[in-house]
Amino acid sequence: VCSSDLCVHLITNMEIYKHEMVNKINFESCHTLTSITETNIGPFGAIKLLEAEDGSLELVKDGGEFIKSIQFIHPTAILIGRAGLSQKKAHYDGVCSMISFIDGLLEQSEYKLSEGVHPRIIVKGIEDAREAAIKVLDEIALPLPSSRS
């Protein structure tokens, strides 16, 4: 038996612990996915040997094919995998680089969260950085010729 003030205090502390644990698990899922895929980046990237449920083996070098072959369970990993596949759909390359980029953003966000920065401030900073990057890219972009030779 506890007083209502003590019960509220215990429940509040329990919710904070759960929130911190969820964040840690989400960040770890992203870091794990990156550690698996970053060895595929570049012309000298590693070839992965995947085993299907039926026991068949497949060699995969392409990051998009690798991500398609993996069955994700964690929701954060699913979202990051989808972001990588959308990169492949739009530009036919860069899946593992996109996943590494997302991991870099989340790694910095994790660091700022541990310093006590509010998530809304982190999101605002990322949005401002995106706008600044788009502005710089627009300024330095070179027009493509109308026909290829």
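This write-up is about the structure you can find in this document. Here the structure is a predicted model, which is why all the values come from computation and not from measurement.

Calculation criteria
- Residues numbered from 1 in each chain as written.
- Predicted model: local features only at pLDDT ≥ 70, side-chain atom pairs only at ≥ 80, totals over all residues.
- Heavy atoms only, no water.
- Core = buried A, V, L, I, M, F, W, Y, C linked by side-chain atoms within 4.5 Å.
- Buried < 20%, exposed > 50% of the residue type's maximum accessible area, 1.4 Å probe, protein only.
- Helix = DSSP H or I, 4+ residues; strand = E, 2+ residues; numbered from the N terminus.
- Contact = heavy atoms within 4.5 Å.
- Phe/Tyr/Trp six-rings, centres within 6.5 Å; stacked < 30°, edge-to-face > 60°.
- Lys NZ or Arg CZ within 6 Å of the ring centre and 35° of its normal.
- Expected span 1.5 Å × (residues − 1).
- Arc of directions from axis to C-beta.
- Pairing = 2+ DSSP bridges.
- Salt bridge = Lys/Arg side-chain N within 4 Å of Asp/Glu carboxyl O.
- Patch = residues over 30% accessible without salt bridge, like charges linked within 9 Å, V, L, I, M, F, W, Y side chains within 5 Å.
- Areas by Shrake-Rupley, 256 points an atom, 1.4 Å probe, with all protein chains shown as cover.

## Quick look at the nonpolar core
Thinking step 1. Counting residues in each nonpolar core, the largest one holds 10 residues, listed as C30, L33, L50, V60, F66, I67, I80, V95, I99 and I102.
Thinking step 2. Elements that contribute at least two residues to this core include exactly helix 1 (4-37), helix 2 (63-69) and helix 4 (95-114).
Thinking step 3. The element contributing the most residues to this core is helix 4, with three residues.
Thinking step 4. Setting aside residues no more than four positions away along its own chain, I67 makes contact with L33, T37, F72, G81, L85, V95 and I99.

## Structural notes on the packing of aromatic side chains
Thinking step 1. For the coordinates displayed, the defined rule picks out zero aromatic pairs.
Thinking step 2. In this arrangement the basic side chain of K48 is found over the ring face of F66, its NZ or CZ atom lying 5.8 Å from the centre.

## Side note on helix 3 (residues 75-91)
Thinking step 1. For helix 3, spanning 17 residues, the distance from its first C-alpha to its last is 24 Å, which sits close to the expected 24 Å at 1.5 Å a residue.
Thinking step 2. Along helix 3, the residues classified as buried are T76, A77, I80, G81, G84, Q87 and K88. Buried positions in helix 3, seen along its axis, are confined to an arc of 135 degrees and lie on one side of it. Of the exposed residues in helix 3, those oriented more than 90 degrees away from the buried face are P75, L79, R82 and K89.
Thinking step 3. Within two residues after helix 3, Y92 carries a phi angle of roughly 65 degrees, on the positive side.

## Thoughts on the pairing of strand 1 (residues 48-51)
Thinking step 1. Alternating positions in strand 1 separate cleanly, K48 and L50 being buried on one face and L49 and E51 remaining unburied on the opposite face.
Thinking step 2. The pairing of strand 1 with strand 2 (residues 57-60) spans four bridges and is antiparallel. Bridging across to strand 2, E51 finds its partner in L57.
Thinking step 3. What sits between the antiparallel neighbours strand 1 and strand 2 is a turn of five residues, in which G55 has the positive phi angle 95 degrees.

## Observations concerning the pattern of salt bridges
Thinking step 1. Under the counting rule described, the total for this entry stands at five salt bridges.
Thinking step 2. With a shortest N-O distance of 3.8 Å, K68 and E65 are connected by a salt bridge. Here the residue K68 and the residue E65 both occupy positions in helix 2, the gap between them amounting to three residues, near one helical turn.
Thinking step 3. Since its relative accessible area comes to 53%, K68 is described here as exposed.
Thinking step 4. Look at E65 and you get partly exposed, because its relative accessible area is 34%.
Thinking step 5. Here K112 makes a salt bridge to E115, at a shortest N to O gap of 3.5 Å.
Thinking step 6. Look at K112 and you get partly exposed, because its relative accessible area is 36%.

## A look at a nonpolar patch on the surface
Thinking step 1. On the surface, a nonpolar cluster with roughly 470 Å² of combined accessible area is contributed by I47, L49, L57 and L59.
Thinking step 2. The residue I47 is located in the loop between helix 1 and strand 1 in this model.
Thinking step 3. I47 sits in the exposed class, given a relative accessible area of 56%.

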